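Here is what each chain is made of, one letter per residue.
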Amino acid sequence: MARAGNKNIQAKLVLLGDMGAGKTSLVLRFVKGQFHEYQESTIGAAFFTQVLSLNEATVKFDIWDTAGQERYHSLAPMYYRGAAAAVVVYDITSMDSFQRAKKWVLELHRQGNPKIVMFLVANKADLAGKRQVDNEEGEQYARENGLSFLETSAKTAQNVNELFYEIAKGVAKAM
Ligand code: GDP
Ligand code: MG
């Protein structure tokens, strides 16, 4: 229920990160509460909406997921245009995906709005036995580059709702 004086915010949120990091899985976990072990990487809706109610605001997210274009390591400027929030995802079992995530952060800084709410997300935390990227390494990079940081698992749902709530709070504050 909307409260008096409550803000209604519409926010474009973009997902970045290498193919296979778990972008689509995180969105599907958040929007539908589902997880697919064999998530199809290139097919599927690339656009989702979801509403989150905070005390101070109601945030309607327009979530832009990639449909495989990240394969070419760049995304069209229209993908970033007007984004209020960005989530850069890597896979903790792949050092490569972490190195690439840094490149996505640079691209975001180049293309994006300077007031954008940015998260670095270390996904697949459930696969700790195959970990190649220490939590501290991700956290430190995020801190040094002005991003918030969370470890998530789309599979177990660890920190997935928390991630989107934190983004919503950040967006509400920025507006
Ligand atoms: P995208 O290319 O970044 O959109 O990545 P996908 O969401 O398509 O995920 C790639 C693969 O990783 C799929 O087989 C998913 O089932 C798997 N995956 C995604 N997130 C997780 C996770 O948190 N834990 C585990 N174990 N697998 C995951
Ligand atoms: Mg995908």
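Caption draft 1: Looking closely at the packing of aromatic side chains. For the coordinates displayed, the defined rule picks out seven aromatic pairs. Geometrically, the ring pair formed by Phe 30 and Phe 164 is stacked, given 3.8 Å between the ring centres and 5° between the ring planes. One end of the pair, Phe 30, is in helix H1 (residues 23-32); the other, Phe 164, is in helix H5 (residues 160-174), with 134 residues separating them in the sequence. A residue is classified by how much of its surface remains accessible, and Phe 30, at 7% relative accessible area, is buried. Since its relative accessible area comes to 0%, Phe 164 is described here as buried. Relative to Tyr 80, the ring of Tyr 79 lies with its centre 6.0 Å away and its plane at 90°, an arrangement referred to as edge-to-face. The residues Tyr 79 and Tyr 80 share a single accessibility class, namely buried. Ring pairing ties together the aromatic residues Phe 47, Trp 64, Tyr 79 and Tyr 80, which thus form one cluster. In this arrangement the basic side chain of Lys 12 is found over the ring face of Trp 64, its NZ or CZ atom lying 3.5 Å from the centre.

Caption draft 2: Looking closely at the sheet that holds strand E2 (residues 47-53). In spatial order, the strands read E2-E3-E1-E4-E5-E6; together these six strands make up an open sheet with mixed pairing. Only two strands of the sheet have a single partner each, and these edge strands are E2 and strand E6 (148-151). Across the sheet, the axes of successive neighbouring strands diverge by a mean angle of 25°, strand direction being ignored. Bridge count between strand E1 (residues 7-17) and strand E4 (residues 83-91): six bridges; the pairing is parallel. Residue Leu 15 lies in a different strand from E4, and its bridge partner there is Val 87. In this fold helix H4 (residues 135-144) packs onto E4, strand E5 (117-123) and E6, with an angle of close to 160° to the strand it touches most, E6. Lying over the sheet, H5 contacts E1, E2, strand E3 (57-64), E4, E5 and E6, oriented at roughly 170° with respect to E5.

Caption draft 3: Structural view of the site of ligand 1. What surrounds ligand 1 is a group of 20 residues, the closest being Gly 20, Lys 23, Ser 25, His 36 and Asp 126. Gly 22 has a polar backbone atom sitting 2.9 Å from an oxygen atom of ligand 1. In this structure, an oxygen atom belonging to ligand 1 sits 3.4 Å away from a side-chain N or O atom of Ser 153. The leading source of residues in the shell around ligand 1 is H1, at three residues. Counted by class, the shell around ligand 1 contains five nonpolar, eight polar and seven charged residues.

Parameters and conventions
- Residues numbered from 1 in each chain as written.
- Chains lettered and ligands numbered in written order.
- Predicted model: local features only at pLDDT ≥ 70, side-chain atom pairs only at ≥ 80, totals over all residues.
- Heavy atoms only, no water.
- Phe/Tyr/Trp six-rings, centres within 6.5 Å; stacked < 30°, edge-to-face > 60°.
- Helix = DSSP H or I, 4+ residues; strand = E, 2+ residues; numbered from the N terminus.
- Buried < 20%, exposed > 50% of the residue type's maximum accessible area, 1.4 Å probe, protein only.
- Lys NZ or Arg CZ within 6 Å of the ring centre and 35° of its normal.
- Pairing = 2+ DSSP bridges.
- Axes fitted to C-alpha atoms, helices over the stretch in contact; angles between N-to-C directions.
- Contact = heavy atoms within 4.5 Å.
- Near = heavy atom within 4 Å.
- Polar contact = N/O pair within 3.5 Å; in protein donor to acceptor, adjacent residues only side chain to side chain.
- Nonpolar A, V, L, I, M, F, W, Y, C, P; charged D, E, K, R; others polar.

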